[in-house]
Amino acid sequence: MHKIDCKGLACPQPVINCRDYIEAHKPNEFQIIVDNAPAVENITRFTENNGYKVENVDKINEKEYVLTIVCTSDAKNDVPHFERSAFFTDTPIFTKVPMFKELAENYEDYLAFTKEYSKTVIFLSTDLLGHGDDELGAKLMENFLASLAEINIWQIILVNGGVRLATKEGKNLESLRKLEKMGVKINVCGACLNHYGLYDQKKIGETTNMLDIVTMLDTADKVIRP
């Protein structure tokens, strides 16, 4: 069985290597070796949205995971892989629109939807708002997140210190949970969680990688970075 060794590679290279191998070879099965849990989660999500699945994960030690990936379909789909993963199965905001409940994620209806509705992304790289006084910055962030429910948000991206917002109980987490219930997708940088030792403390959102983050920013109609 073909093996792709991605140990030591920074995010999002393991996902890119997985994608490139699938697109080039359309294999029935193969294995990927990675050295961190976020990479396992990101590859699992990517394969599930591209006609494959992670059939087995062997945890050799804290720095080595072997993922066995098998094909679950012919892997032929006219929907671009990122749109299929990020806009359909992963994004509950579309369940608020009757046509998506009735027509079960039809791609043509998705295209019609995106022409009518704006895709606004909130990009947060810190758990404080502004510079000068950290106590004030913390309160301003609480107010900011609480106010987001008043506007139409597509996705929220948390990177660097912003991932702390997804790990600590309190007003910020309550606001994020409210937004998630409204259909807003919360994306939490896996490499950032790992860096701060917070991977196991994430309480909300989906662990994501830099490839998805960059693509979301490129696809968005508007990006708000306070």
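First, a word on what this report is: a plain description of the structure on this page. (Residues numbered from 1 in each chain as written. Predicted model: local features only at pLDDT ≥ 70, side-chain atom pairs only at ≥ 80, totals over all residues. Heavy atoms only, no water.)

Side note on the overall build of the protein
And then number 1: Looking only at helices and strands, the protein has nine helices and nine strands in total.
And then number 2: Put simply, the protein has 226 residues, and 48% of those count as buried.
And then number 3: Of the contacts made within the protein by residues no fewer than 6 positions apart, 68% connect residues no fewer than 24 positions apart.
And then number 4: Accessible surface, the protein as shown: approximately 11600 Å² in total, 48% of it carbon and sulfur. (Helix = DSSP H or I, 4+ residues; strand = E, 2+ residues; numbered from the N terminus. Buried < 20%, exposed > 50% of the residue type's maximum accessible area, 1.4 Å probe, protein only. Contact = heavy atoms within 4.5 Å. Areas by Shrake-Rupley, 256 points an atom, 1.4 Å probe, with all protein chains shown as cover.)

A word on empty space enclosed by the protein
And then number 1: Under the defined criterion, the tally for this structure stands at two cavities of 30 Å³ or more.
And then number 2: If you add up the space inside the second largest cavity, you get close to 40 Å³.
And then number 3: Around the second largest cavity, the lining residues are F123, L124, S125, T126, L128, L129, M141, R225 and P226.
And then number 4: Residues belonging to the lining of the second largest cavity are distributed by class as follows: six nonpolar, two polar and one charged. (1 Å grid on protein atoms, 1.4 Å probe; cavity = no way out; pocket = protein on both sides within 12 Å on 5 of 7 lines; lining within 4 Å. Points joined across faces, edges and corners; volume = space filled by probe spheres on them. Nonpolar A, V, L, I, M, F, W, Y, C, P; charged D, E, K, R; others polar.)

Focus: the environment of Q201
And then number 1: Mapped onto the fold, Q201 is located in the loop between α8 (190-195) and β8 (206-208).
And then number 2: Here the alpha-carbon distance between Q201 and A166, two residues 35 residues apart in the chain, equals 8.3 Å.
And then number 3: Once residues lying within four places of it in the same chain are set aside, the contact partners of Q201 are A166 and T167.

What about the pairing of strand β4 (residues 64-71)?
For a regular strand, side chains alternate in direction, first toward one face of the sheet and then toward the other.
And then number 1: Among the eight residues of β4, six are classified as buried, and the element is accordingly described as predominantly covered.
And then number 2: Relative to β4, strand β2 (residues 29-34) is paired through six bridges, and the arrangement is antiparallel. By the bridge assignment, E29 is partnered in β4 with V70.
And then number 3: Two elements, strand β3 (residues 52-61) and β4, share eight bridges in a ladder whose sense is antiparallel. Across the sheet, the residue bridging to Y52 is C71, located in β4. (Pairing = 2+ DSSP bridges.)

Comments concerning the pattern of salt bridges
And then number 1: Taken as a whole, this structure holds ten salt bridges when the rule is applied.
And then number 2: Here K59 and E62 are joined by a salt bridge, their closest N and O atoms 3.2 Å apart.
And then number 3: For K59, a relative accessible area of 48% gives the class partly exposed.
And then number 4: Judged by its relative accessible area of 57%, E62 is exposed.
And then number 5: A salt bridge links E206 to K185, with the nearest nitrogen and oxygen atoms 3.2 Å apart. Highlighted residues: E206 in strand β8 and K185 in strand β7 (residues 185-189), separated in sequence by 21 residues.
And then number 6: Looking at E206, the relative accessible area reads 19%, which means it is buried.
And then number 7: The class for K185 is buried, based on a relative accessible area of 7%. (Salt bridge = Lys/Arg side-chain N within 4 Å of Asp/Glu carboxyl O.)

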